[in-house]
Amino acid sequence: MGISPWVVIDNIGTLVTNDPEAGEGRLGLIRDGAVVLGDGIIQWVGARARIPQGSADATVDLGGRAALPGFVDSHAHLVFGGERAEEFAARMAGNAYAAGGIRTTVEATRRATDAELSANAARLVAESVRSGTTTIECKSGYGQSVVDELRSLEVAAEVTSEATLLAAHLTPPEFAGDTDAYVRMVCAEMVPACAPNARWIDVFCERGAFDEHQSRAVLEAGIAAGLTARVHGNQLGPGPGVRLAAELGAASVDHVNFVTGEDVEALASGETVATLLPCADFSTRNRYPDARTLLDAGVTVALAADCNPGTSYTTSIPLCIALAVREMHMSPDEAVWAATAGGAAALRRNDIGHIRVGARADLIALDAPSHLHLAYRPGVPLVHEVWKDGYRR
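Residues numbered from 1 in each chain as written. Predicted model: local features only at pLDDT ≥ 70, side-chain atom pairs only at ≥ 80, totals over all residues. Heavy atoms only, no water.

Caption draft 1: Focus on the packing of aromatic side chains. This structure, assessed with the given rule, holds four aromatic pairs. With a centroid separation of 6.4 Å and an interplanar angle of 80 degrees, the aromatic rings of Phe 80 and Tyr 142 are classed as edge-to-face. Within this pair, whereas Phe 80 is found in the loop between β6 (71-73) and α1 (85-92), its partner Tyr 142 is found in the loop between β8 (138-139) and α4 (146-159), the two being separated by 62 residues in sequence. Assessed through its relative accessible area of 2%, Phe 80 is described here as buried. Seen from the ring of Trp 337, Arg 26 lies directly overhead, with NZ or CZ sitting 3.7 Å from the centre. (Phe/Tyr/Trp six-rings, centres within 6.5 Å; stacked < 30°, edge-to-face > 60°. Helix = DSSP H or I, 4+ residues; strand = E, 2+ residues; numbered from the N terminus. Buried < 20%, exposed > 50% of the residue type's maximum accessible area, 1.4 Å probe, protein only. Lys NZ or Arg CZ within 6 Å of the ring centre and 35° of its normal.)

Caption draft 2: Representation of the nonpolar core. Within the largest apolar cluster, 90 residues are counted, with the highest numbers of intra-cluster contacts made by Leu 78, Leu 276, Leu 294, Leu 303, Ile 321 and Met 330. Counting residues per element, this core draws most heavily on helix α5 (residues 179-194), which supplies seven residues. Those residues in contact with Leu 276 that lie beyond four places of it in its chain are His 255, Val 256, Pro 289, Ala 291, Leu 294, Val 301, Ala 302, Leu 303, Ala 304 and Met 328. In this structure, Ile 42, Ala 67, Ile 355 and Ala 359 belong to the second largest nonpolar core, which totals 18 residues. (Core = buried A, V, L, I, M, F, W, Y, C linked by side-chain atoms within 4.5 Å. Contact = heavy atoms within 4.5 Å.)

Caption draft 3: How the structure looks around the sheet that holds strand β13 (residues 273-276). Spatially, seven strands are ordered β8-β9-β10-β11-β12-β13-β14 in an open sheet, and the strand pairing comes out parallel. The strands lining the two open edges of the sheet, one partner per strand, are β8 and β14 (301-303). Note: β8 against strand β9 (residues 163-168), two bridges, orientation parallel. Each residue of the ladder has a partner; that of Lys 139, found in β9, is Thr 164. Of the strands in this sheet, β8 and β9 are in contact with α4, which crosses β9 at around 160 degrees. Along the sheet, α5 makes contact with β9 and β10 (200-205), crossing β9 at roughly 155 degrees. (Pairing = 2+ DSSP bridges. Axes fitted to C-alpha atoms, helices over the stretch in contact; angles between N-to-C directions.)

Caption draft 4: Spotlight on the environment of Thr 109. With respect to the helices and strands, Thr 109 occurs in helix α2 (residues 102-111). Thr 109 sits in the buried class, given a relative accessible area of 1%. Distance in space between the C-alpha atoms of Thr 109 and Gly 82 is 7.1 Å, their sequence separation being 27 residues. In this structure, Thr 109 is in contact with Val 79, Phe 80, Gly 81, Leu 117, Tyr 142 and Arg 151, ignoring residues within four places of it in sequence.

Caption draft 5: Local environment of the layout of surface pockets. What the largest pocket holds in volume is close to 240 Å³. If you go around the largest pocket, you meet 15 residues; those closest to its centre are Thr 134, Thr 135, Ile 136, Val 159 and Lys 388. Going through the elements one at a time, α3 (114-130), β7 (133-136), α4 and β16 (383-388) are the ones with two or more residues in the lining of the largest pocket. Looking at which element gives the most residues to the lining of the largest pocket, the answer is β7, with four residues. When the residues that make up the lining of the largest pocket are grouped by side-chain class, the tally is five nonpolar, six polar and four charged. (1 Å grid on protein atoms, 1.4 Å probe; cavity = no way out; pocket = protein on both sides within 12 Å on 5 of 7 lines; lining within 4 Å. Points joined across faces, edges and corners; volume = space filled by probe spheres on them. Nonpolar A, V, L, I, M, F, W, Y, C, P; charged D, E, K, R; others polar.)

Caption draft 6: Examining the pairing of strand β3 (residues 41-47) more closely. When strand β2 (residues 30-38) meets β3, the two strands line up antiparallel, connected through six bridges. Residue pairing for β3: Gly 38 is matched across the bridge by Ile 41. Here β2 hands over to β3 after two residues, with Asp 39 in that stretch at a positive phi of 55 degrees.

Next comes the structure, spelled out in structure tokens:
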């Protein structure tokens, strides 16, 4: 694609920078702002009255629209075959959610060709871009054999640099009744084979999936292989996932629906981000996380879509923001920060999630004068334009 052109994004009604030194409040709001993009990064940010003369070759007039950093979706399962619409309909009819539905997707993923998996992942990434996501994480976890986990990560690498090995998603059918044997295989065979193709190691630490001892073994094997930990934890009930994530210095623990005071304290005293997935709770009728308690305790919170075929088949971060405000008692400012800077923190990235000189030139414009409209107008496709690495997408 080459080095991106130099462009002035002008006449921004409200600019969210996520840089408190640049503007008002935690979001660093600049009214009547402008941004200069060039060579794939942010070259200048400020009031439009102060745009440096001759700073770019072209100008884009936003006509008073809002602009903000591109959304950072730090939790997604995009490599899979098939779909589970019937399972969703059954849940809506009153059947309780249990993790076992993952096995249906494992079967379909193993049957799918590489080309089919690649096409589906690319389709979902394109869909996410249309709703404003400029960085996305992608997990394996629907292969659950060395060969299928490796090819899942190869597909993930086609769409993101944030690939996660989630071999410990559920025990596959061939290991039914012997989860410990599967964990030994993951640690001894899958992790060494797959680690060169991943940045992260993840585990579903939950009843019906992997217990604390098994989860610890998987995470420590991944860490020993040079991967950084992430954890699915405390989604279906209280459990050890949050504290295990904090103890091992995981970048993020995701779901976090059921937490104790000890869990909150562990997160508040460390650097592990609590990534909340409200669309999964919407789709499963699960209890929403207590975001207010986490935020008030000083925990760093991210929002992510958790796109997957069983429990959150959406790529829409704007929907996550609306649900976080309505159902989790976050303010619109907190939700927008969590979906941008919070997601960047969950990926331990300092080059995205904010509009600051030197950051990646990833930003979006809304068909609205303010970021508040993301929660104020739920379900409306407000994303007007997307820039990724300085290019219009």
